[in-house]
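Each chain, letter by letter, is given below.
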Amino acid sequence: PAGISTTTSMTAGNDMGVDMARSLSGATRAGPSMSAADRLRGMDTITAIRTLRVVREYADKPLTEDEVRALADNARKTGSSKNTQRWDFVTVRDKVALARLSGVTIYAKHLPHAGAALALIVDKPDPDYPRSVLWDLGRAAQNITLSAWEMGIGSCPITVQDFGLAAEVLGLPKDKECQYIIALGWPADPDDLTRPPKAGGRKGYDEVVHTERWGEH
């Protein structure tokens with residue numbers, strides 16, 4: 001369907017995702033969001049990690065094909081266990097498809113309003129399903145969200161519960177499964193891009209970090 005495409009591989013030496021993300025982070029901004037995007041452009045990794053927030057409310061502005069392609073390209077460059085790259089990515093920009101995908105879980109009601117989405121695809125689990133696949137998907141998802149953040153694009157991860165519906169909308173082969181979807185969109189409130197993290201939003205360092213042995217700080 002129009003607006004849905006599958007990404008499996010691209011030329012190994014092509015740094016399109018990096019170059020395009022950096023150029024698009026400023027080139028496509030306009031109006032009220034420009035100042036926020038300017039502050040994000042060229043963001044270092046630590047700043048991106050510390051300021052990244054989930055965005056569920058989006059402006060009525062779709063992502064372009066180039067913008068979505070840049071994010072998918074950075075996703076496929078993610079490292080994986082033994083470099084197995086056991087994934088595919090489906091880019092979705094079609095509004096009808098986004099609306100249908102909102103039915104994969106009760107927690108995806110914001111998806112119809114997103115500017116686009118990236119679906120993370122793996123082989124259907126079997127008794128020998130390696131847990132490292134989930135680790136790899138998590139790394140790819142974080143690369144998507146951090147790349148989007150630098151470009152001024154908000155994101156929200158979605159855990160799929162209705163695998164059959166996701167497979168139908170995305171046209172997946174019988175041996176493939178969509179387990180996660182990343183909703184993407186320009187924040188309805190541009191200030192979301194630069195608003196300081198909420199105080200107390202994360203547990204304290206000593207609550208979760210132990211030194212050498214459990215319970216020692």
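Note: the structure precedes this text.
Residues numbered from 1 in each chain as written. Predicted model: local features only at pLDDT ≥ 70, side-chain atom pairs only at ≥ 80, totals over all residues. Heavy atoms only, no water.

> Would you mind going over the overall build of the protein in detail, with residue names and values included?
Along the backbone of the protein there are eight helices and five strands. Starting at the N terminus, the α and β elements of the protein follow one another as β-α-α-α-α-β-α-β-α-β-α-β-α. In the protein, which comprises 217 residues, the share counted as buried stands at 42%. In the protein, 81% of the contacts between residues at least 6 apart in sequence involve partners at least 24 apart. Per element, the accessible surface of the protein, about 12100 Å² overall, is 52% carbon and sulfur. (Helix = DSSP H or I, 4+ residues; strand = E, 2+ residues; numbered from the N terminus. Buried < 20%, exposed > 50% of the residue type's maximum accessible area, 1.4 Å probe, protein only. Contact = heavy atoms within 4.5 Å. Areas by Shrake-Rupley, 256 points an atom, 1.4 Å probe, with all protein chains shown as cover.)

> Before we move on, could you go through the packing of aromatic side chains and cite the residues and values that matter?
The full count for this structure, using the stated rule, is one aromatic pair. It is Lys61 that lies over the ring of Trp186; its NZ or CZ is 4.8 Å from the centre. (Phe/Tyr/Trp six-rings, centres within 6.5 Å; stacked < 30°, edge-to-face > 60°. Lys NZ or Arg CZ within 6 Å of the ring centre and 35° of its normal.)

> How would you summarise the nonpolar core if you had to cite specific residues and measurements?
Proteins that are soluble and globular tend to have nonpolar side chains buried together. Judged by nonpolar contacts, the single largest core of 30 residues is most densely connected at Val92, Leu101, Val104, Leu111, Leu170, Cys178 and Ile181. Mapped onto this core, the elements with two or more residues apiece are strand E2 (88-92), helix H5 (95-101), strand E3 (116-123), helix H6 (132-150), strand E4 (154-159), helix H7 (163-170) and strand E5 (176-185). Ranked by the residues each element gives to this core, the list is headed by H7, at four residues. Core analysis: the next-biggest nonpolar cluster, separate from the first, contains 22 residues, Ala72, Val133, Met151 and Leu184 among them. (Core = buried A, V, L, I, M, F, W, Y, C linked by side-chain atoms within 4.5 Å.)

> Explain the pairing of E3 to me, and be specific about the residues and the numbers.
When you tally the buried positions in E3, you get seven out of eight residues, the bulk of the element. As judged from the eight bridges shared by E3 and E5, these two strands associate in the antiparallel manner. Note that in E5 the partner of Asp123 across the bridge is Lys176. (Pairing = 2+ DSSP bridges.)

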